[in-house]
Amino acid sequence: MRLINRRPAPGVARLLALIPFVLVVVAYLIGSGIRLAENPSDKLLPSFASFAAAINRMAFQLDPRTGDILLLVDTEASLYRLFAALAIAVIIGLVLGIVIGLLPYFRAGLGSFVAVVSMVPPLALLPILFITMGLGEASKIALIVIGVAPCLVRDVALRVGDLPPQQSIKAQTLGASTWQIILRVVLPQTLPRLIDSLRLQIGPAWLFLIAAEAIASESGLGYRIFLVRRYLAMDVILPYVAWITLLAFLMDRTLAVLQRRAFPWFEAARASG
Amino acid sequence: MNAIIVKDVWKEYDGRVILEGINLEIAPRAFVALVGPSGCGKTTFLRMLLSEERPDRGTITIAGAPLPREPGADRGVVFQRYSVFPHLTVLGNVVLGLELKAAPLLGRLFGSSRRAAEDEARGMLAAVGLAGSEEKYPAQLSGGMQQRLALAQALIAKPKVLLLDEPFGALDPGIRAEIHVLMQKLWHERPLTVVMVTHDLSEAFSLGTRVIAFERRRNEPSDGGRYGATITRDFEVWPKRIAGEPRPSKKKTMPGRDDPVPSTGSLRDDPALQGDTP
(Lines give C-alpha, C1' and ligand atoms only; values in the text may rest on other atoms or scores of the structure.)
Protein backbone atom coordinates (compact mmCIF):
# COMPACT_ATOMS: atom_id res chain seq x y z
CA MET A 1 0.00 0.00 0.00
CA ARG A 2 1.18 3.52 -0.71
CA LEU A 3 2.34 5.57 2.23
CA ILE A 4 -0.36 8.18 1.56
CA ASN A 5 -3.05 5.52 2.09
CA ARG A 6 -1.75 4.07 5.35
CA ARG A 7 -3.51 5.41 8.41
CA PRO A 8 -2.60 4.79 12.04
CA ALA A 9 -5.24 3.30 14.35
CA PRO A 10 -6.49 5.80 16.98
CA GLY A 11 -4.32 4.32 19.74
CA VAL A 12 -1.26 4.29 17.53
CA ALA A 13 -1.95 7.89 16.50
CA ARG A 14 -1.97 8.98 20.15
CA LEU A 15 1.26 7.10 20.77
CA LEU A 16 2.85 8.74 17.71
CA ALA A 17 1.78 12.14 19.01
CA LEU A 18 3.59 11.43 22.30
CA ILE A 19 6.84 10.28 20.73
CA PRO A 20 8.33 13.71 19.89
CA PHE A 21 7.61 14.99 23.41
CA VAL A 22 9.20 11.94 24.98
CA LEU A 23 12.19 12.23 22.67
CA VAL A 24 12.80 15.84 23.67
CA VAL A 25 12.60 14.99 27.37
CA VAL A 26 14.89 12.01 26.96
CA ALA A 27 17.42 14.06 24.96
CA TYR A 28 17.34 16.71 27.68
CA LEU A 29 17.83 14.12 30.42
CA ILE A 30 20.81 12.59 28.63
CA GLY A 31 22.43 15.98 27.98
CA SER A 32 21.75 17.17 31.48
CA GLY A 33 23.05 13.89 32.96
CA ILE A 34 26.31 14.16 31.01
CA ARG A 35 26.91 17.77 32.03
CA LEU A 36 25.97 17.21 35.65
CA ALA A 37 28.28 14.19 35.83
CA GLU A 38 31.17 16.44 34.82
CA ASN A 39 30.14 19.39 36.98
CA PRO A 40 27.43 18.89 39.63
CA SER A 41 26.88 22.65 39.94
CA ASP A 42 26.32 23.12 36.19
CA LYS A 43 23.56 25.69 35.60
CA LEU A 44 22.94 25.25 31.87
CA LEU A 45 20.96 22.00 31.88
CA PRO A 46 19.71 21.59 35.45
CA SER A 47 18.29 18.31 36.68
CA PHE A 48 14.57 17.72 37.13
CA ALA A 49 15.10 17.89 40.89
CA SER A 50 16.29 21.49 40.62
CA PHE A 51 13.30 22.27 38.36
CA ALA A 52 11.02 20.92 41.07
CA ALA A 53 12.77 23.03 43.65
CA ALA A 54 12.52 26.14 41.46
CA ILE A 55 8.85 25.53 40.69
CA ASN A 56 8.16 25.02 44.36
CA ARG A 57 10.00 28.27 45.18
CA MET A 58 8.27 30.32 42.46
CA ALA A 59 4.77 28.86 42.50
CA PHE A 60 4.08 27.61 46.02
CA GLN A 61 6.23 29.70 48.43
CA LEU A 62 5.83 33.33 49.33
CA ASP A 63 8.73 35.37 48.07
CA PRO A 64 10.65 36.49 51.19
CA ARG A 65 11.30 39.96 49.77
CA THR A 66 7.83 40.89 48.45
CA GLY A 67 5.61 38.43 50.33
CA ASP A 68 3.93 37.32 47.09
CA ILE A 69 3.80 34.13 45.12
CA LEU A 70 5.95 35.24 42.21
CA LEU A 71 4.54 33.00 39.49
CA LEU A 72 1.04 34.09 40.37
CA VAL A 73 1.91 37.80 40.37
CA ASP A 74 3.82 37.48 37.11
CA THR A 75 1.03 35.55 35.41
CA GLU A 76 -1.59 38.04 36.55
CA ALA A 77 0.41 40.99 35.30
CA SER A 78 1.15 39.37 31.94
CA LEU A 79 -2.36 38.09 31.31
CA TYR A 80 -3.86 41.45 32.20
CA ARG A 81 -1.71 43.13 29.56
CA LEU A 82 -2.33 40.39 27.04
CA PHE A 83 -6.10 40.25 27.43
CA ALA A 84 -6.51 44.02 27.54
CA ALA A 85 -4.47 44.32 24.35
CA LEU A 86 -6.28 41.47 22.59
CA ALA A 87 -9.67 42.94 23.52
CA ILE A 88 -8.70 46.32 22.09
CA ALA A 89 -7.23 44.68 18.98
CA VAL A 90 -10.37 42.60 18.43
CA ILE A 91 -12.60 45.66 18.62
CA ILE A 92 -10.35 47.58 16.23
CA GLY A 93 -10.16 44.54 13.94
CA LEU A 94 -13.92 44.10 13.83
CA VAL A 95 -14.86 47.72 13.34
CA LEU A 96 -12.20 48.64 10.80
CA GLY A 97 -12.24 45.23 9.12
CA ILE A 98 -15.96 45.30 8.54
CA VAL A 99 -16.13 48.85 7.25
CA ILE A 100 -13.10 48.30 4.99
CA GLY A 101 -14.40 44.98 3.73
CA LEU A 102 -17.97 46.10 3.20
CA LEU A 103 -18.05 49.81 2.40
CA PRO A 104 -16.31 50.87 -0.82
CA TYR A 105 -15.64 54.40 0.43
CA PHE A 106 -13.81 53.12 3.50
CA ARG A 107 -11.94 50.53 1.44
CA ALA A 108 -10.77 53.28 -0.90
CA GLY A 109 -9.82 55.54 2.01
CA LEU A 110 -8.32 53.13 4.54
CA GLY A 111 -7.47 49.94 2.68
CA SER A 112 -3.97 50.81 1.53
CA PHE A 113 -3.25 52.76 4.70
CA VAL A 114 -3.90 49.69 6.84
CA ALA A 115 -1.91 47.56 4.39
CA VAL A 116 1.10 49.85 4.84
CA VAL A 117 0.70 50.22 8.62
CA SER A 118 0.59 46.45 9.02
CA MET A 119 4.08 46.31 7.49
CA VAL A 120 5.63 48.61 10.13
CA PRO A 121 7.67 46.38 12.45
CA PRO A 122 5.97 46.93 15.83
CA LEU A 123 9.13 46.44 17.85
CA ALA A 124 10.74 49.33 16.00
CA LEU A 125 7.95 51.50 17.40
CA LEU A 126 8.57 50.38 20.97
CA PRO A 127 11.01 53.24 21.78
CA ILE A 128 8.45 55.73 20.46
CA LEU A 129 5.80 54.15 22.68
CA PHE A 130 8.07 54.33 25.71
CA ILE A 131 8.87 57.97 24.98
CA THR A 132 5.29 59.05 24.38
CA MET A 133 3.35 56.81 26.75
CA GLY A 134 5.89 56.24 29.49
CA LEU A 135 7.07 52.92 30.86
CA GLY A 136 3.72 51.92 32.40
CA GLU A 137 1.12 49.45 31.28
CA ALA A 138 -0.15 51.64 28.44
CA SER A 139 2.96 51.36 26.30
CA LYS A 140 3.09 47.54 26.63
CA ILE A 141 -0.58 47.15 25.77
CA ALA A 142 -0.14 49.56 22.89
CA LEU A 143 2.76 47.52 21.50
CA ILE A 144 0.65 44.35 21.40
CA VAL A 145 -2.28 46.22 19.86
CA ILE A 146 -0.04 47.72 17.19
CA GLY A 147 1.40 44.32 16.47
CA VAL A 148 -1.84 42.39 16.32
CA ALA A 149 -4.60 44.77 15.26
CA PRO A 150 -3.47 45.48 11.66
CA CYS A 151 -3.36 41.77 10.89
CA LEU A 152 -6.82 41.31 12.37
CA VAL A 153 -8.16 44.29 10.41
CA ARG A 154 -6.81 42.96 7.14
CA ASP A 155 -7.99 39.44 7.81
CA VAL A 156 -11.48 40.53 8.80
CA ALA A 157 -11.66 42.78 5.75
CA LEU A 158 -10.67 39.86 3.51
CA ARG A 159 -13.20 37.53 5.15
CA VAL A 160 -15.95 40.11 4.76
CA GLY A 161 -14.98 40.52 1.13
CA ASP A 162 -15.16 36.75 0.70
CA LEU A 163 -18.82 36.61 1.70
CA PRO A 164 -20.80 35.78 -1.44
CA PRO A 165 -22.10 39.01 -3.03
CA GLN A 166 -25.47 37.26 -3.34
CA GLN A 167 -25.88 37.56 0.42
CA SER A 168 -25.71 41.33 0.39
CA ILE A 169 -28.09 41.53 -2.59
CA LYS A 170 -30.43 39.09 -0.88
CA ALA A 171 -30.43 41.12 2.33
CA GLN A 172 -31.19 44.28 0.37
CA THR A 173 -34.16 42.60 -1.31
CA LEU A 174 -35.41 41.84 2.20
CA GLY A 175 -35.27 45.57 2.87
CA ALA A 176 -32.10 45.65 4.99
CA SER A 177 -30.23 48.92 5.51
CA THR A 178 -26.42 49.03 5.55
CA TRP A 179 -26.51 49.01 9.35
CA GLN A 180 -28.87 46.05 9.43
CA ILE A 181 -26.70 44.16 6.94
CA ILE A 182 -23.67 44.73 9.18
CA LEU A 183 -25.57 43.69 12.30
CA ARG A 184 -27.49 40.69 11.03
CA VAL A 185 -25.51 39.36 8.06
CA VAL A 186 -21.87 40.42 8.20
CA LEU A 187 -21.02 40.56 11.91
CA PRO A 188 -22.40 37.12 12.87
CA GLN A 189 -20.58 35.52 9.98
CA THR A 190 -17.37 37.39 10.72
CA LEU A 191 -17.10 36.44 14.40
CA PRO A 192 -16.19 32.76 13.89
CA ARG A 193 -13.67 33.74 11.23
CA LEU A 194 -12.26 36.35 13.59
CA ILE A 195 -11.66 33.59 16.12
CA ASP A 196 -9.59 31.77 13.50
CA SER A 197 -7.34 34.73 12.93
CA LEU A 198 -7.20 35.56 16.64
CA ARG A 199 -5.88 32.04 17.26
CA LEU A 200 -3.12 32.71 14.77
CA GLN A 201 -2.31 36.03 16.45
CA ILE A 202 -1.86 34.57 19.94
CA GLY A 203 1.74 33.68 19.15
CA PRO A 204 2.69 37.20 17.98
CA ALA A 205 0.80 38.70 20.91
CA TRP A 206 2.94 36.77 23.39
CA LEU A 207 6.05 37.73 21.44
CA PHE A 208 5.29 41.44 21.74
CA LEU A 209 4.27 41.07 25.38
CA ILE A 210 7.49 39.38 26.39
CA ALA A 211 9.57 41.81 24.36
CA ALA A 212 7.93 44.76 26.09
CA GLU A 213 8.26 43.18 29.52
CA ALA A 214 11.88 42.29 28.93
CA ILE A 215 12.83 45.87 28.18
CA ALA A 216 10.94 47.84 30.81
CA SER A 217 8.80 46.27 33.46
CA GLU A 218 8.58 45.41 37.14
CA SER A 219 6.46 42.31 36.85
CA GLY A 220 5.31 39.79 34.31
CA LEU A 221 6.44 36.45 32.96
CA GLY A 222 8.78 38.03 30.42
CA TYR A 223 10.22 40.33 33.06
CA ARG A 224 11.00 37.37 35.35
CA ILE A 225 12.70 35.38 32.61
CA PHE A 226 14.95 38.23 31.67
CA LEU A 227 15.61 39.07 35.34
CA VAL A 228 16.79 35.60 36.34
CA ARG A 229 18.80 35.32 33.13
CA ARG A 230 21.43 37.42 34.95
CA TYR A 231 21.96 34.51 37.32
CA LEU A 232 21.87 31.88 34.55
CA ALA A 233 18.84 30.50 36.40
CA MET A 234 17.81 27.95 33.80
CA ASP A 235 15.90 26.10 36.51
CA VAL A 236 13.46 29.07 36.57
CA ILE A 237 13.56 30.06 32.91
CA LEU A 238 12.65 26.67 31.48
CA PRO A 239 9.57 26.13 33.71
CA TYR A 240 8.47 29.69 32.90
CA VAL A 241 8.79 28.99 29.19
CA ALA A 242 6.80 25.80 29.63
CA TRP A 243 4.16 27.71 31.62
CA ILE A 244 3.86 30.42 28.92
CA THR A 245 3.57 27.72 26.26
CA LEU A 246 0.86 26.01 28.28
CA LEU A 247 -1.06 29.29 28.70
CA ALA A 248 -0.85 30.04 24.99
CA PHE A 249 -1.91 26.50 24.14
CA LEU A 250 -4.89 26.70 26.50
CA MET A 251 -5.95 30.03 24.97
CA ASP A 252 -5.81 28.43 21.53
CA ARG A 253 -7.89 25.43 22.63
CA THR A 254 -10.40 27.65 24.43
CA LEU A 255 -10.93 29.71 21.30
CA ALA A 256 -11.37 26.57 19.22
CA VAL A 257 -13.98 25.22 21.63
CA LEU A 258 -15.68 28.62 21.81
CA GLN A 259 -15.90 28.70 18.03
CA ARG A 260 -17.52 25.26 17.91
CA ARG A 261 -19.96 25.96 20.75
CA ALA A 262 -20.98 29.52 19.91
CA PHE A 263 -21.19 29.06 16.14
CA PRO A 264 -22.54 25.54 15.57
CA TRP A 265 -23.39 26.38 11.96
CA PHE A 266 -19.86 27.39 11.06
CA GLU A 267 -18.11 24.10 10.43
CA ALA A 268 -20.76 22.76 8.05
CA ALA A 269 -21.07 26.11 6.29
CA ARG A 270 -17.31 26.26 5.81
CA ALA A 271 -17.24 22.69 4.49
CA SER A 272 -20.01 23.34 1.96
CA GLY A 273 -18.16 26.46 0.78
CA MET B 1 -50.33 48.76 -13.07
CA ASN B 2 -47.16 46.86 -12.15
CA ALA B 3 -45.93 46.23 -15.64
CA ILE B 4 -42.17 46.12 -16.17
CA ILE B 5 -41.25 48.09 -19.26
CA VAL B 6 -37.78 47.80 -20.76
CA LYS B 7 -36.95 50.33 -23.45
CA ASP B 8 -33.93 50.03 -25.74
CA VAL B 9 -31.54 48.76 -23.07
CA TRP B 10 -27.85 48.31 -23.86
CA LYS B 11 -25.12 46.96 -21.63
CA GLU B 12 -21.39 46.86 -22.23
CA TYR B 13 -18.51 45.43 -20.21
CA ASP B 14 -14.99 46.61 -21.04
CA GLY B 15 -15.96 47.65 -24.55
CA ARG B 16 -17.73 44.38 -25.27
CA VAL B 17 -21.43 44.75 -25.95
CA ILE B 18 -23.37 42.22 -23.90
CA LEU B 19 -26.93 43.27 -24.58
CA GLU B 20 -28.21 45.50 -27.33
CA GLY B 21 -31.57 47.00 -28.08
CA ILE B 22 -33.65 45.09 -25.54
CA ASN B 23 -37.30 46.11 -25.70
CA LEU B 24 -39.70 44.22 -23.53
CA GLU B 25 -42.95 44.69 -21.75
CA ILE B 26 -43.77 42.27 -18.96
CA ALA B 27 -47.40 42.22 -17.92
CA PRO B 28 -48.25 42.08 -14.24
CA ARG B 29 -48.67 38.52 -12.93
CA ALA B 30 -46.73 37.11 -15.88
CA PHE B 31 -44.22 34.29 -15.45
CA VAL B 32 -41.48 35.07 -17.91
CA ALA B 33 -38.72 32.56 -18.58
CA LEU B 34 -35.51 33.90 -20.10
CA VAL B 35 -33.55 31.32 -22.05
CA GLY B 36 -30.51 31.41 -24.24
CA PRO B 37 -27.01 30.00 -24.62
CA SER B 38 -24.57 30.64 -21.80
CA GLY B 39 -22.90 34.00 -21.99
CA CYS B 40 -25.80 35.56 -23.85
CA GLY B 41 -26.48 38.09 -21.13
CA LYS B 42 -29.68 36.71 -19.67
CA THR B 43 -28.24 36.81 -16.18
CA THR B 44 -26.92 40.32 -16.84
CA PHE B 45 -30.45 41.31 -17.79
CA LEU B 46 -31.79 39.84 -14.56
CA ARG B 47 -29.13 41.71 -12.59
CA MET B 48 -30.32 44.92 -14.19
CA LEU B 49 -33.89 44.15 -13.13
CA LEU B 50 -32.43 43.65 -9.65
CA SER B 51 -30.57 47.02 -9.80
CA GLU B 52 -27.32 45.15 -9.24
CA GLU B 53 -26.23 46.51 -12.62
CA ARG B 54 -27.40 49.58 -14.47
CA PRO B 55 -28.07 49.74 -18.21
CA ASP B 56 -25.62 51.86 -20.18
CA ARG B 57 -28.45 53.05 -22.37
CA GLY B 58 -32.20 52.79 -22.21
CA THR B 59 -34.62 52.70 -19.31
CA ILE B 60 -36.38 50.15 -17.19
CA THR B 61 -39.56 51.15 -15.38
CA ILE B 62 -41.74 49.24 -12.96
CA ALA B 63 -45.31 50.45 -12.54
CA GLY B 64 -44.39 53.61 -14.41
CA ALA B 65 -41.56 54.59 -12.07
CA PRO B 66 -37.91 54.22 -13.04
CA LEU B 67 -36.17 51.29 -11.42
CA PRO B 68 -34.61 52.26 -8.06
CA ARG B 69 -30.81 52.54 -8.13
CA GLU B 70 -30.32 49.75 -5.61
CA PRO B 71 -32.01 46.46 -4.78
CA GLY B 72 -35.01 46.76 -2.53
CA ALA B 73 -37.88 44.92 -0.94
CA ASP B 74 -40.12 45.41 -3.98
CA ARG B 75 -38.12 42.82 -5.91
CA GLY B 76 -37.31 39.46 -4.34
CA VAL B 77 -34.63 37.15 -5.63
CA VAL B 78 -33.56 33.52 -5.49
CA PHE B 79 -30.10 32.66 -6.78
CA GLN B 80 -28.79 29.27 -7.74
CA ARG B 81 -26.52 29.26 -4.68
CA TYR B 82 -25.86 31.39 -1.60
CA SER B 83 -29.44 32.61 -1.40
CA VAL B 84 -29.90 31.74 2.25
CA PHE B 85 -27.82 32.81 5.23
CA PRO B 86 -25.72 29.94 6.60
CA HIS B 87 -25.56 31.40 10.13
CA LEU B 88 -29.33 31.46 10.63
CA THR B 89 -31.62 28.53 11.19
CA VAL B 90 -34.34 27.77 8.68
CA LEU B 91 -36.80 29.68 10.83
CA GLY B 92 -34.29 32.48 11.41
CA ASN B 93 -33.76 32.88 7.68
CA VAL B 94 -37.46 33.48 7.10
CA VAL B 95 -38.08 35.56 10.23
CA LEU B 96 -35.18 37.79 9.17
CA GLY B 97 -37.24 39.47 6.44
CA LEU B 98 -39.91 40.43 8.96
CA GLU B 99 -37.37 41.56 11.55
CA LEU B 100 -35.52 43.78 9.10
CA LYS B 101 -38.75 45.48 8.19
CA ALA B 102 -40.02 45.97 11.73
CA ALA B 103 -36.83 46.78 13.64
CA PRO B 104 -34.67 49.27 11.76
CA LEU B 105 -32.20 49.77 14.61
CA LEU B 106 -31.52 46.29 15.96
CA GLY B 107 -32.83 44.15 13.09
CA ARG B 108 -34.26 41.86 15.76
CA LEU B 109 -37.67 41.36 17.33
CA PHE B 110 -38.39 40.34 20.90
CA GLY B 111 -41.33 39.11 22.91
CA SER B 112 -44.79 39.00 21.41
CA SER B 113 -43.84 40.71 18.14
CA ARG B 114 -41.14 38.06 17.68
CA ARG B 115 -43.66 35.29 18.34
CA ALA B 116 -46.05 36.81 15.81
CA ALA B 117 -43.27 37.00 13.23
CA GLU B 118 -42.28 33.39 13.95
CA ASP B 119 -45.87 32.24 13.46
CA GLU B 120 -46.02 34.00 10.12
CA ALA B 121 -42.68 32.47 9.14
CA ARG B 122 -43.83 28.99 10.17
CA GLY B 123 -46.87 29.43 7.96
CA MET B 124 -44.62 30.35 5.05
CA LEU B 125 -42.33 27.39 5.73
CA ALA B 126 -45.31 25.06 5.78
CA ALA B 127 -46.41 26.50 2.43
CA VAL B 128 -43.09 25.54 0.85
CA GLY B 129 -43.03 22.12 2.52
CA LEU B 130 -40.37 22.79 5.14
CA ALA B 131 -42.50 22.32 8.25
CA GLY B 132 -40.50 20.38 10.82
CA SER B 133 -37.09 21.66 9.70
CA GLU B 134 -37.35 25.03 11.47
CA GLU B 135 -34.39 24.55 13.79
CA LYS B 136 -31.95 23.15 11.22
CA TYR B 137 -29.19 25.17 9.63
CA PRO B 138 -29.16 25.49 5.82
CA ALA B 139 -26.02 23.36 5.53
CA GLN B 140 -28.05 20.47 6.98
CA LEU B 141 -30.64 20.75 4.19
CA SER B 142 -30.49 19.15 0.75
CA GLY B 143 -30.15 21.39 -2.29
CA GLY B 144 -33.86 21.21 -3.06
CA MET B 145 -34.82 22.09 0.49
CA GLN B 146 -32.38 25.01 0.49
CA GLN B 147 -34.09 26.41 -2.60
CA ARG B 148 -37.50 25.93 -0.96
CA LEU B 149 -36.15 27.90 1.98
CA ALA B 150 -34.84 30.57 -0.39
CA LEU B 151 -38.31 30.87 -1.91
CA ALA B 152 -39.93 31.16 1.52
CA GLN B 153 -37.38 33.76 2.56
CA ALA B 154 -37.96 35.82 -0.57
CA LEU B 155 -41.73 35.59 -0.41
CA ILE B 156 -42.07 36.60 3.25
CA ALA B 157 -41.01 40.13 2.23
CA LYS B 158 -44.05 40.17 -0.12
CA PRO B 159 -42.25 41.37 -3.25
CA LYS B 160 -44.26 42.40 -6.30
CA VAL B 161 -41.63 40.95 -8.58
CA LEU B 162 -39.75 37.71 -7.98
CA LEU B 163 -36.49 37.28 -9.88
CA LEU B 164 -35.09 33.78 -10.20
CA ASP B 165 -31.52 33.20 -11.42
CA GLU B 166 -31.32 29.55 -12.51
CA PRO B 167 -32.87 28.66 -9.17
CA PHE B 168 -33.36 24.97 -9.86
CA GLY B 169 -30.37 24.44 -12.15
CA ALA B 170 -28.30 22.52 -9.60
CA LEU B 171 -31.05 20.12 -8.53
CA ASP B 172 -31.64 16.49 -9.43
CA PRO B 173 -34.42 15.92 -11.99
CA GLY B 174 -36.83 14.35 -9.51
CA ILE B 175 -36.34 17.11 -6.94
CA ARG B 176 -36.65 19.69 -9.69
CA ALA B 177 -40.02 18.34 -10.80
CA GLU B 178 -41.29 18.60 -7.22
CA ILE B 179 -40.10 22.16 -6.81
CA HIS B 180 -41.66 23.08 -10.18
CA VAL B 181 -45.03 22.06 -8.77
CA LEU B 182 -44.37 24.20 -5.72
CA MET B 183 -43.27 27.15 -7.87
CA GLN B 184 -46.48 26.96 -9.90
CA LYS B 185 -48.55 26.82 -6.74
CA LEU B 186 -46.81 29.84 -5.20
CA TRP B 187 -47.20 31.84 -8.40
CA HIS B 188 -50.90 31.06 -8.56
CA GLU B 189 -51.50 31.89 -4.91
CA ARG B 190 -49.56 35.14 -4.57
CA PRO B 191 -49.66 38.43 -6.46
CA LEU B 192 -46.31 37.90 -8.15
CA THR B 193 -44.71 38.77 -11.42
CA VAL B 194 -41.94 36.24 -11.95
CA VAL B 195 -38.88 36.58 -14.18
CA MET B 196 -36.80 33.42 -14.29
CA VAL B 197 -33.47 32.83 -16.00
CA THR B 198 -32.94 29.21 -16.95
CA HIS B 199 -30.87 27.20 -19.37
CA ASP B 200 -33.43 24.40 -19.35
CA LEU B 201 -35.97 24.83 -22.15
CA SER B 202 -38.38 22.25 -20.76
CA GLU B 203 -38.35 24.07 -17.43
CA ALA B 204 -39.03 27.34 -19.22
CA PHE B 205 -42.02 25.94 -21.07
CA SER B 206 -43.42 23.97 -18.16
CA LEU B 207 -43.41 26.96 -15.79
CA GLY B 208 -43.66 30.13 -17.84
CA THR B 209 -46.50 32.01 -19.41
CA ARG B 210 -44.01 33.45 -21.82
CA VAL B 211 -40.60 32.27 -22.95
CA ILE B 212 -38.07 34.78 -24.23
CA ALA B 213 -34.87 33.77 -25.96
CA PHE B 214 -31.75 35.92 -25.88
CA GLU B 215 -29.20 35.36 -28.60
CA ARG B 216 -26.43 37.12 -30.43
CA ARG B 217 -27.46 37.76 -34.00
CA ARG B 218 -23.80 37.87 -34.98
CA ASN B 219 -21.04 36.20 -33.06
CA GLU B 220 -17.85 36.20 -35.10
CA PRO B 221 -14.44 36.59 -33.47
CA SER B 222 -13.73 39.37 -35.97
CA ASP B 223 -16.61 41.44 -34.62
CA GLY B 224 -14.52 42.48 -31.64
CA GLY B 225 -17.44 42.03 -29.33
CA ARG B 226 -19.39 44.87 -30.88
CA TYR B 227 -22.55 42.81 -31.32
CA GLY B 228 -24.50 42.00 -28.20
CA ALA B 229 -27.34 39.61 -27.58
CA THR B 230 -30.89 40.69 -28.07
CA ILE B 231 -34.34 39.15 -27.91
CA THR B 232 -34.67 36.77 -30.84
CA ARG B 233 -37.76 34.79 -29.87
CA ASP B 234 -40.76 35.63 -27.78
CA PHE B 235 -43.24 32.81 -27.28
CA GLU B 236 -46.56 32.98 -25.56
CA VAL B 237 -46.97 29.58 -23.94
CA TRP B 238 -50.04 27.73 -25.21
CA PRO B 239 -52.51 26.80 -23.79
CA LYS B 240 -52.48 30.06 -21.90
CA ARG B 241 -51.57 29.90 -18.24
CA ILE B 242 -53.39 32.47 -16.19
CA ALA B 243 -52.13 33.38 -12.74
CA GLY B 244 -54.51 32.35 -9.99
CA GLU B 245 -56.31 29.85 -12.21
CA PRO B 246 -54.43 26.61 -11.93
CA ARG B 247 -55.72 24.10 -14.45
CA PRO B 248 -56.89 20.81 -13.06
CA SER B 249 -53.97 18.52 -13.60
CA LYS B 250 -54.67 16.66 -16.80
CA LYS B 251 -52.75 13.81 -18.31
CA LYS B 252 -49.96 15.14 -20.40
CA THR B 253 -49.79 13.72 -23.89
CA MET B 254 -46.03 13.82 -24.07
CA PRO B 255 -43.81 12.99 -21.09
CA GLY B 256 -41.52 15.79 -19.99
CA ARG B 257 -37.80 15.33 -19.89
CA ASP B 258 -37.82 14.73 -16.20
CA ASP B 259 -40.93 12.57 -16.05
CA PRO B 260 -40.84 8.82 -15.58
CA VAL B 261 -41.01 6.73 -18.72
CA PRO B 262 -44.70 6.28 -19.65
CA SER B 263 -46.08 2.81 -19.37
CA THR B 264 -47.15 1.35 -22.68
CA GLY B 265 -49.21 -1.29 -21.01
CA SER B 266 -47.02 -4.13 -22.10
CA LEU B 267 -43.53 -5.29 -21.43
CA ARG B 268 -42.90 -5.78 -25.13
CA ASP B 269 -40.27 -3.64 -26.80
CA ASP B 270 -42.39 -3.15 -29.87
CA PRO B 271 -45.89 -1.95 -29.09
CA ALA B 272 -46.78 -1.76 -32.81
CA LEU B 273 -47.09 -5.50 -32.97
CA GLN B 274 -49.59 -5.57 -30.16
CA GLY B 275 -53.09 -6.96 -30.82
CA ASP B 276 -52.99 -7.61 -34.52
CA THR B 277 -50.59 -10.50 -34.77
CA PRO B 278 -51.40 -12.49 -37.84
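Quick summary incoming for the structure in this document.

## Some details on the nonpolar core
Residue and element names in this part refer to chain A.
- By size, the foremost hydrophobic cluster in this structure holds 67 residues, and its most contacted members are Leu82, Ile144, Trp206 and Tyr240.
- The element best represented in this core is helix H8 (residues 178-215), accounting for 14 residues.
- Among all residues touching Tyr240, those that are not within four sequence positions of it are Met58, Leu70, Leu71, Asp74, Leu221, Arg224 and Ile225.

## Considerations on the packing of aromatic side chains
- On inspection of all chains with the given rule, the structure shows seven aromatic pairs over all chains.
- Seen in terms of ring centroids, Phe48 of chain A and Phe51 of chain A are 5.7 Å apart; in terms of plane orientation they differ by 65°. Their pairing is edge-to-face. Here Phe48 of chain A pairs with Phe51 of chain A, and both are found in helix H2 (residues 48-60), just three residues apart, close to one helical turn.
- Residue Phe51 of chain A is classed as buried on the basis of its relative accessible area, which comes to 12%.
- One aromatic cluster is present, formed by Tyr28, Phe48 and Phe51 of chain A through successive ring pairs.
- One Lys or Arg, Arg57 of chain B, reaches over the ring of Trp10 of chain B and ends 4.2 Å from the middle of that ring.
- The positively charged end of Arg218 of chain B is found above the aromatic ring belonging to Tyr227 of chain B, 4.7 Å away from the centroid.

## Section: the environment of Pro264 of chain A
- For Pro264 of chain A, the location among the structural elements is in the loop between helix H10 (234-262) and helix H11 (266-271).
- Considered as a pair, Pro264 of chain A and Ala211 of chain A are 53 residues apart in the sequence and their alpha carbons are 37 Å apart.

## What about the environment of Asp74 of chain B?
All names here are of chain B.
- Turning to its location among the elements, Asp74 is positioned in the loop between strand E5 (65-66) and strand E6 (75-78).
- On the accessibility criterion, Asp74 (24% relative accessible area) is partly exposed.
- Through-space distance from the C-alpha of Asp74 to that of Ser113 is 23 Å; in sequence the pair is 39 residues apart.
- Excluding its chain neighbours within four sequence positions, the residues that come into contact with Asp74 are Pro68, Pro159, Lys160 and Val161.

Calculation rules
Residues numbered from 1 in each chain as written. Chains lettered and ligands numbered in written order. Predicted model: local features only at pLDDT ≥ 70, side-chain atom pairs only at ≥ 80, totals over all residues. Heavy atoms only, no water. Core = buried A, V, L, I, M, F, W, Y, C linked by side-chain atoms within 4.5 Å. Buried < 20%, exposed > 50% of the residue type's maximum accessible area, 1.4 Å probe, protein only. Helix = DSSP H or I, 4+ residues; strand = E, 2+ residues; numbered from the N terminus. Contact = heavy atoms within 4.5 Å. Phe/Tyr/Trp six-rings, centres within 6.5 Å; stacked < 30°, edge-to-face > 60°. Lys NZ or Arg CZ within 6 Å of the ring centre and 35° of its normal.

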